[in-house]
Amino acid sequence: MKARFLQQLQKLNMHKSKLLLALPAFVVAVFFFALAIPNVHTETYKLEKYSTAPETIRSPITIENKHKTEQQLREVTQSVEDQYTISEDITEERLRMVSEIYDVVEETKTQGENLTKEEQITMIESLLTDELSEGLPTEVFLPLLRMDQPSLNESQQLLETLLHNYFKEGVQGSEVEGLERRIQLKVQYSETPSHLKRVISDIGTFALVENSLFDPEKTDTAIKKAAATVEPVMIRAGEVIVAEGSTITGDIYDDLLLTGLLDQQRNLLPSIGLAMFAILLGAIMYAEYRRAVKKDNWTVRHIFISAFVSIWIIVLMKVFSMFGSMDQPVYYLVPAVTGVMIVKILCSERFAIVLAVVYSLMACLLFNGQLAGALHATAGMYLLLSQLAGIFFLTQSKDRLSIVRASAGVAFTNICAILFFLFISFEKYSWTEVFLYSGYGVSGAFLSAVLTLGFLPFIETGFGVLSDQKLLTLASPNHPLLRKILVEAPGTYHHSVMVANLSESACESIGAHGLLARVASYYHDLGKTVHPHYFIENQMGMRNPHDFLDPEQSAEIIINHPYEGARMLKKSKFPDEIIDIAKQHHGTTLLKYFYYQAKEINEDTKEDDYRYPGPKPQSKEAAIVCICDSVEAAVRSLNHPTEERIRKIVKSIVEDRMLDGQLDDSNLTFNELKTMETAICETLQGIFHSRIEYPETKPLVKEAK
């Protein structure tokens, strides 16, 4: 049933059926969307404040808790102390006042030595500035007038030193009272005469004023500087918000609300984004499908195989992702190379490269540890390098051992990629981890080889794919049908081998499937085994049976052989491609010999009665086998085939097939016809090359005797 369905689909016009090409790509996109939904949407919970957490809940995203950030910012800015600026002008002014007091005292002592007490006070008042005269009572100066000069100098030095030190450190308004008491204590415990200590203390407390003034600009700068040190309070992806069994406090509830883990916060935007991403990947596949159908002659089988393999690889990546997280590199073990190897072997290398990119983009999302909004770029890069290595190292798809050799190259690539990721990381890895992860890469590579070798036969059988390995198996000389041809129709067997050589050479020259043409040529005349002696190549030492038959009977036997062969091949469950070539290798050509023979007997003989029913060759390989079949028979009939005669025969047969319309459905171009014509001539010249004529052997034998 499945094979019949594929055959019916294959008959559709692939160039016009856009829906048929879009359907597999759409299915792959939908399948990826369904499996990737948990990677963009996290599980939500129906929780209330002060309830108990049913399980440990982690943050699915990295997000800033702006409320806590602002709270920390307020705390930091409020803790910034007011900034003050020391006024040097005030310092100099107050020290100058102290100096002025002592200068007035000295001047009064010098000029008013013989003056009375009242006159001295009057003189002091006249010498003092208004600020000093208003700030200090005149009686303060009288004890100073009675001091000797050394004591006066000592008291002045003491006051200036104390005031200078205090002013230098800055005197704020709130500190004045305390510093005044300190001045009094300093003076009290100094060597100043006791009757002068109070006077000096009064002068000191008078001179001490606030000189450290509030600076709003400095304060604002300090606040900004402190605010700059506050880092945003972040809830990191994967961070535990609440442990199982813990009480959901107000802060925890706010964090759950912020990270979108509560039921009422279901967001459709991630689903829309994922849908757009899936559609984009599906569009890439669809575009490549159209190109492959047009340029590479893809069939429905190729498209279905690539879609099936893609779905399988997506499932494989999803399964592996369930056993790891962002920190656990389980993707090192993913045998994604299997998919691109199978696609390269059964479809094409270009599409394998396209799928390698698509799978890698999918891996970035599937291996994000189900953390919404996160992409695992390392997983994507690793799988891309691994898959490209598999495509590059798989050089011989005809040899199954080449898959094992390719896996060795993939293993080396995996190790290099893993070491690159580990060595550039800021995290410290032990040598045990390095060897363990490298082992993952090697295991993933050889697991890919095992899966490729294991699944390839099932895919080939399930989709009816004609792989190179299957063709090589059919090309074995020990195959029962080939043995049948060899035993029952040895001339036909030799003819088929010659056609196979010519067909393969012609196909290889224009980029067609040479191995398919070779194997199909082996079986294209299988139908001749039904009546082998009715074909000239098998008539060795016997009279031609057609001499005893009417032209109509002879034509019927000859015309039936392609369809008898196709029937036998179908009965033996041969691939459709080989059956089609066997059926089409004569197209609708005219059996000229018997037609003209019948024409001589009856002028009303219809040409259609002596034409093969067809169909005409539908592929390049079938058209080439059709041409080479006639060329080989024609050249073999020559007594002395020369290069010029071979070229003329080949050219005439190609032109005859073209003018007869036999090549109309084969998609062969004029350039390809010219190229394959040259290749056929070169191959024939190698087969029918000139030989050296050796002398008679009888004299040599006699000499030997």
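Here the structure is a predicted model, which means the values were calculated and not measured. (Residues numbered from 1 in each chain as written. Predicted model: local features only at pLDDT ≥ 70, side-chain atom pairs only at ≥ 80, totals over all residues. Heavy atoms only, no water.)

### Topic: the environment of L591
Looking at where L591 falls in the secondary structure, it is placed in the loop between α25 (576-584) and α26 (592-601). By relative accessible area, L591 is classed as buried at 12%. On a C-alpha basis, the gap between L591 and A275 in space is 60 Å, while along the polypeptide they are 316 residues apart. Sequence-distant contacts of L591, defined by excluding residues within four places in its chain, comprise A555, I558, I559, Y610 and Y612. (Helix = DSSP H or I, 4+ residues; strand = E, 2+ residues; numbered from the N terminus. Buried < 20%, exposed > 50% of the residue type's maximum accessible area, 1.4 Å probe, protein only. Contact = heavy atoms within 4.5 Å.)

### Some thoughts on the side chain of N368
The residue N368 is located in the loop between α16 (349-366) and α17 (377-393) in this model. Within the structure, N368 has its side chain in polar contact with the side chain of N39 (distance 2.8 Å). (Polar contact = N/O pair within 3.5 Å; in protein donor to acceptor, adjacent residues only side chain to side chain.)

### Topic: the nonpolar core
Note that soluble globular proteins tend to have their nonpolar side chains buried in a common cluster. Counting 72 residues, the largest nonpolar core has F32, Y289, M317, L346, M362 and F367 as its most contacted members. For this core, the secondary structure elements donating two or more residues are α2 (18-40), α13 (269-295), α14 (300-321), α15 (337-346), α16, α17, α18 (401-423) and α19 (431-462). If one sorts the elements of this core by residue count, α16 sits on top with 11 residues. Apart from the residues within four sequence positions on either side, M317 is in contact with V334, Y359, M362, A363, L366, F367 and L383. (Core = buried A, V, L, I, M, F, W, Y, C linked by side-chain atoms within 4.5 Å.)

### Quick word on the packing of aromatic side chains
Taken as a whole, this structure holds 20 aromatic pairs when the rule is applied. Ring plane angle 65° and centroid distance 4.9 Å describe the contact between Y332 and Y382, whose orientation is recorded as edge-to-face. Here Y332, found in the loop between α14 and α15, pairs with Y382, found in helix α17; they are 50 residues apart in sequence, far enough to count as distant. Residue class for Y332 comes out buried when judged on its relative accessible area of 3%. Owing to a relative accessible area of 1%, Y382 belongs among the buried residues under this scheme. Seen in terms of ring centroids, Y523 and F574 are 4.8 Å apart; in terms of plane orientation they differ by 65°. Their pairing is edge-to-face. (Phe/Tyr/Trp six-rings, centres within 6.5 Å; stacked < 30°, edge-to-face > 60°.)

### Points about the packing of α13 against α16
The N-to-C vectors of α13 and α16 enclose an angle of 175°; their axes lie 10 Å apart at closest approach. If you check the angle between α13 and α16, you find them roughly antiparallel. Here α13 contributes L274, F277, L281, I284, M285, E288, Y289 and R291 to the contact with α16, which in turn contributes R350, F351, V354, L355, V358, L361, M362 and L365. Looking at side-chain class alone, the contact of α13 with α16 contains 13 nonpolar, no polar and three charged residues. (Axes fitted to C-alpha atoms, helices over the stretch in contact; angles between N-to-C directions. Parallel < 35°, antiparallel > 145°, perpendicular 65-115°, else oblique. Nonpolar A, V, L, I, M, F, W, Y, C, P; charged D, E, K, R; others polar.)

### Considering a nonpolar patch on the surface
On the surface, a cluster of nonpolar side chains totalling about 490 Å² of accessible area is made up of F31, V315, V319, M322 and F323. With a relative accessible area of 33%, V315 lands in the partly exposed category. (Patch = residues over 30% accessible without salt bridge, like charges linked within 9 Å, V, L, I, M, F, W, Y side chains within 5 Å. Areas by Shrake-Rupley, 256 points an atom, 1.4 Å probe, with all protein chains shown as cover. Salt bridge = Lys/Arg side-chain N within 4 Å of Asp/Glu carboxyl O.)

### Observations regarding a negative patch on the surface
On the surface, a cluster of negative charge is contributed by D550, E552, E556, D608 and D609. Residue placement: D550 occurs in the loop between α23 (514-523) and α24 (551-571). A residue is classified by how much of its surface remains accessible, and D550, at 49% relative accessible area, is partly exposed. (Lys, Arg positive; Asp, Glu negative; His and termini not counted. Charge placed at Lys NZ, Arg CZ, Asp CG, Glu CD.)

### Points about unusual backbone geometry
The amide bond that connects G614 to the next residue, P615, takes the cis arrangement and shows omega of 10°. Inspection of the secondary structure puts P615 in the loop between α26 and α27 (620-636). Of note in this structure, Y50 is not a glycine but carries a positive phi near 70°. The residue Y50 is located in the loop between α2 and β1 (57-58) in this model. The phi angle at N667 is positive, at roughly 65°, despite the residue not being glycine. The topology assignment puts N667 in the loop between α28 (643-659) and α29 (670-687). Assessed through its relative accessible area of 48%, N667 is described here as partly exposed.

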